[in-house]
Amino acid sequence: MVTTSTDELEAGTVSSYDRKSELMAFDDSKAGVQGLVENGVTKVPHMFYCEQSNLSDGLTSASNSKISIPIIDLTGIHDDPILRDDVVGKVRYACEKWGFFQVINHGIPTHVLDEMIKGTCRFHQQDAKVRKEYYTRDASRKVAYLSNYTLYEDPSADWRDTLAFSLAPHPPKAEEFPAVCRDIVIEYSKKIMVLAYALFELLSESLGLDRFYLKEMGCAEGLLLLCHYYPACPEPESTMGNSKHRDGNIMTILLQDQIGGLQVLHDSQWIDVPPMHGALVVNIGDLLQLLTNDKFISVQHRVLAKRQGPRISVASFFRTGISKVFGPIKELLCEDHPPVYREISLKDYMAHRYASGSGISSLLHFKL
């Protein structure tokens, strides 16, 4: 029988290491990384150990650098054509050169953002018995609590738990939402959808397309809300909060608290994305890179584990319908710019991504 004792899960205490058994014991506990912390773990269990090469990457970290991702003020985009044109230009630059940017004055009140952080915290800090009721790897569940989506495929687990809501196109019933965060998740998701529509308009215009092009092709049809919880880590130098990866969607809008730890890979350097209270981080996913035929870039990013915590972030993943087939946008193609990718469906992409693990770029597989 596999036990879940803290001693047995701690690194170096098992003479013949059986990774699969450790993963299964952790998963069967249904309490996540937070469960380890609640049980008083003082060392990072072996299953979380990240190869030093993955932590350092052989790349420099520009933590103290003056380089930072673009910050775009959305003030006036709906009323002033001159301001809007200026913002469209900034969005184009950010998407072509960075794949990431922060937005301020985006229309979502700060108190709503703060309450979304608190609601996420309330869920992850409630009694483990209550959390366990939501723990599942069943992809058909519209509300799911779990730790590490690709736990069994990745070379090392991340120091992170997630509460996930599949909110569009078919939202959960009201009673399926955890009571401790039901109201704020519903309110926040409505406001984030309005912002997403505005951003997809700006993205469309920055590509030289009709304002409603991306929205009308279904880019905001699906919404997955991921409420991440990164407990304080006793050995942050041994693991990652979120290993380097690219997002497997169209676009992500990220709300993060004030702890920090998010880094973006730019010009072979890891660049910190410092928290800005009231701001939201936007990044391009793999599928938008495919749709734009590499005009916009999806870039690697990661979250460092930290002794301080918990760190909380809420990622809104926008994507097409699961069976919708799409390829590079025809209006962006010409003799000098032929298609780089074949047509695929989200189902094809996700199947390949889950089989490969989260750290591998799935786009290469779909190149012509």
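Summarised in this report is the structure supplied together with it.

Quick notes on the rules
Each chain carries its own residue numbering, running from 1 in the written order of its sequence. Since the coordinates come from a predicted model, pLDDT governs what is reported: local features require at least 70, and pairs of side-chain atoms require 80 or more to be given and counted, while whole-chain, interface and lining totals use all residues. For the side-chain quantities, the full set of heavy atoms in the structure was used; hydrogens and water were omitted. The numbering of helices and of strands both runs from the N terminus, where a helix is a DSSP run of H or I of at least 4 residues and a strand a run of E of at least 2. For the radius of gyration, the atoms used are the C-alpha atoms, and the globule rule reads 2.2 Å times the number of residues raised to 0.38. A simple rule labels every residue: compare its accessible area, found with a 1.4 Å probe on the protein chains alone, to the largest value its type can have, and call it buried under 20%, exposed over 50%, or partly exposed in between. When checking whether two residues touch, look at their non-hydrogen atoms; a contact exists if any pair is within 4.5 Å. For the area figures, the Shrake-Rupley method with a 1.4 Å probe applies, and any residue is considered shielded solely by the protein chains shown. Neither His nor the chain ends contribute to the count of charged residues, in which Lys and Arg are positive and Asp and Glu negative. A charge is said to be at NZ when it belongs to Lys, at CZ for Arg, at CG for Asp and at CD for Glu. Each pair of aromatic rings taken from Phe, Tyr and Trp, with Trp reduced to its six-membered ring, is defined by centres within 6.5 Å and is described as stacked if the planes are under 30 degrees apart, edge-to-face if over 60, and tilted in the remaining cases. Pairs of N or O atoms within 3.5 Å make up the polar contacts considered here, provided that, within protein, one atom can donate a hydrogen while the other can accept it, and that residues adjacent in sequence are counted only when both atoms are side-chain atoms.

Now for the overall build of the protein chain. Scanning the protein chain from N- to C-terminus turns up 11 helices and 15 strands. For the protein chain, the C-alpha radius of gyration of 20 Å lies close to 21 Å, the compact-globule estimate for 368 residues. Taking the principal axes of the C-alpha coordinates as reference, the protein chain spans close to 65 × 45 × 40 Å. Across the 368 residues of the protein chain, 55% fall into the buried class. By sequence separation, contacts in the protein chain at least 24 residues apart represent 78% of the contacts at least 6 residues apart. About 16,200 Å² of surface is accessible on the protein chain, with carbon and sulfur atoms providing 52% of the total. For the protein chain, the separation between the mean place of its 38 positive charges and that of its 47 negative charges on side chains is 1 Å.

Attention now goes to the packing of aromatic side chains. What the rule picks out here adds up to 8 aromatic pairs. On the numbers, 5.0 Å between centres and 70° between planes, the contact of phenylalanine 48 with tryptophan 159 is edge-to-face. Placement of the pair is phenylalanine 48 in the loop between helix 3 (32-38) and helix 4 (52-56) and tryptophan 159 in the loop between strand 4 (143-146) and strand 5 (161-168), with a sequence separation of 111 residues. With a relative accessible area of 0%, phenylalanine 48 lands in the buried category. Tryptophan 159 gets classed as buried once you look at its relative accessible area, which sits at 1%. Ring geometry for phenylalanine 123 against tyrosine 134: centres 5.7 Å apart, planes inclined by 75°, an arrangement best described as edge-to-face. Note that phenylalanine 123 is positioned in helix 6 (residues 110-125) and tyrosine 134 in the loop between helix 7 (128-132) and strand 4, a separation of 11 residues in sequence. You'll find phenylalanine 123 and tyrosine 134 in the same group, each marked buried. Grouped by ring-pair contacts, the aromatic residues Phe123, Tyr134, Tyr135 and Tyr145 constitute a single cluster.

With that out of the way, let us pick up the side chain of histidine 228. Relative to the elements of secondary structure, histidine 228 occurs in strand 6 (residues 222-230). The buried category is assigned to histidine 228, whose relative accessible area is 8%. Engagement of the side chain of histidine 228 in a polar contact is seen with the side chain of threonine 162, the distance being 2.8 Å. Residue contacts for histidine 228: discarding those within four places in its chain leaves Thr120, Arg160, Asp161, Thr162, Arg311, Ile312 and Ser313.

Note that every value here comes from positions in space, so none of it alone points to a role or purpose.
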